[in-house]
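Structural features, examined
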Amino acid sequence: MKNLIALALVGMLSAIAGCTDSHHYPVSGEECGPNDPVQTMDTSDCVPVV
C-alpha cells in the first residue's frame, strides 16, 4: 500500500513538473535570462557540506 501511494505521488509530481513554464523560475516566479548566475554553475559548485 505504501509503495502504491509513493508511486502515485511521484507520478503526480512528474505531471505537475511537466506543466511548468520554462521561461520563469518555479519558486520565485522571476523570468529566466541569459545573465542569470545559475547559467555559469558547474557540478563542482555543488559540493556537499560535511
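Further up the page is the structure itself.
Described in the following lines is the structure provided in the data block.

What counts and how
In this numbering scheme, every chain counts its residues from 1 along its sequence in written order. Totals for whole chains, interfaces and linings use every residue, but because this is a predicted model, local features are given only for residues with pLDDT of at least 70 and side-chain atom pairs only at 80 or more, for both listing and counting. Excluding hydrogens and water, the side-chain values take into account all heavy atoms of the structure. Runs of H or I in DSSP of at least four residues are treated as helices and runs of E of at least two as strands, each being numbered from the N terminus. For the radius of gyration, the atoms used are the C-alpha atoms, and the globule rule reads 2.2 Å times the number of residues raised to 0.38. Burial status follows relative accessibility: with a 1.4 Å probe on protein chains alone, a residue under 20% of its type maximum counts as buried, one over 50% as exposed, and anything between as partly exposed. What makes a patch is a set of residues exposed beyond 30% relative accessible area and free of salt bridges, joined within 9 Å when like-charged and within 5 Å when nonpolar (Val, Leu, Ile, Met, Phe, Trp, Tyr). We get accessible surface area from the Shrake-Rupley algorithm with a probe of 1.4 Å; when it comes to residues, only the shown protein chains can shield them. A pair is scored as a salt bridge if a Lys or Arg side-chain nitrogen falls within 4 Å of a carboxyl oxygen belonging to Asp or Glu. Charge assignment: positive for Lys and Arg, negative for Asp and Glu; neither His nor the chain ends contribute. Two N or O atoms form a polar contact when they lie within 3.5 Å of each other; inside protein one atom must be a possible hydrogen donor and the other a possible acceptor, and for residues adjacent in sequence the pair counts only when both atoms belong to side chains. Contacts between residues were defined by any pair of non-hydrogen atoms, one from each residue, lying within 4.5 Å. Note on terminology: pairs of cysteine sulfur atoms within 2.5 Å are recorded as disulfides.

1. Here we look at the overall build of the chain
The helix and strand tally for the chain stands at one helix and zero strands. By the compact-globule yardstick of 10 Å for 50 residues, the chain is too spread out, its C-alpha radius of gyration being 16 Å. In terms of overall dimensions, the chain has a C-alpha envelope of 45 × 35 × 15 Å along the principal axes. When burial is assessed residue by residue, the chain has 4% of its 50 residues classed as buried.

2. Some thoughts on a nonpolar patch on the surface
Side chains of Met-1, Leu-4, Ile-5, Leu-9 and Met-12 sit close together on the surface and give an oily, nonpolar patch of about 590 Å² of accessible area. The topology assignment puts Met-12 in helix H1 (residues 2-18).

3. A look at the side chain of Asp-36
Looking at the element boundaries, Asp-36 is found in the segment after H1. Among buried Asp, Glu, Lys and Arg side chains, Asp-36 stands out as unpaired, with Lys-2 the closest opposite charge at 40 Å. In this structure the side chain of Asp-36 is engaged in a polar contact, spanning 2.8 Å, whose partner is the backbone nitrogen of Gly-33. The residues contacting Asp-36, other than those within four sequence positions of it, are Tyr-25 and Glu-31.

4. Focus: the state of the cysteines
For the coordinates displayed, the defined rule picks out zero disulfides. Considering cysteine sulfurs only, Cys-32 is the nearest to Cys-46, which forms no disulfide, with 17 Å between them. Classification of Cys-46 by relative accessible area gives exposed; the value is 53%.

5. Examining the environment of Cys-32
Turning to its location among the elements, Cys-32 is positioned in the segment after H1. Among the residues examined, Cys-32 registers a relative accessible area of 31% and is labelled partly exposed. Note: C-alpha distance between Cys-32 and Ala-6 (26 residues apart in sequence) is 32 Å.

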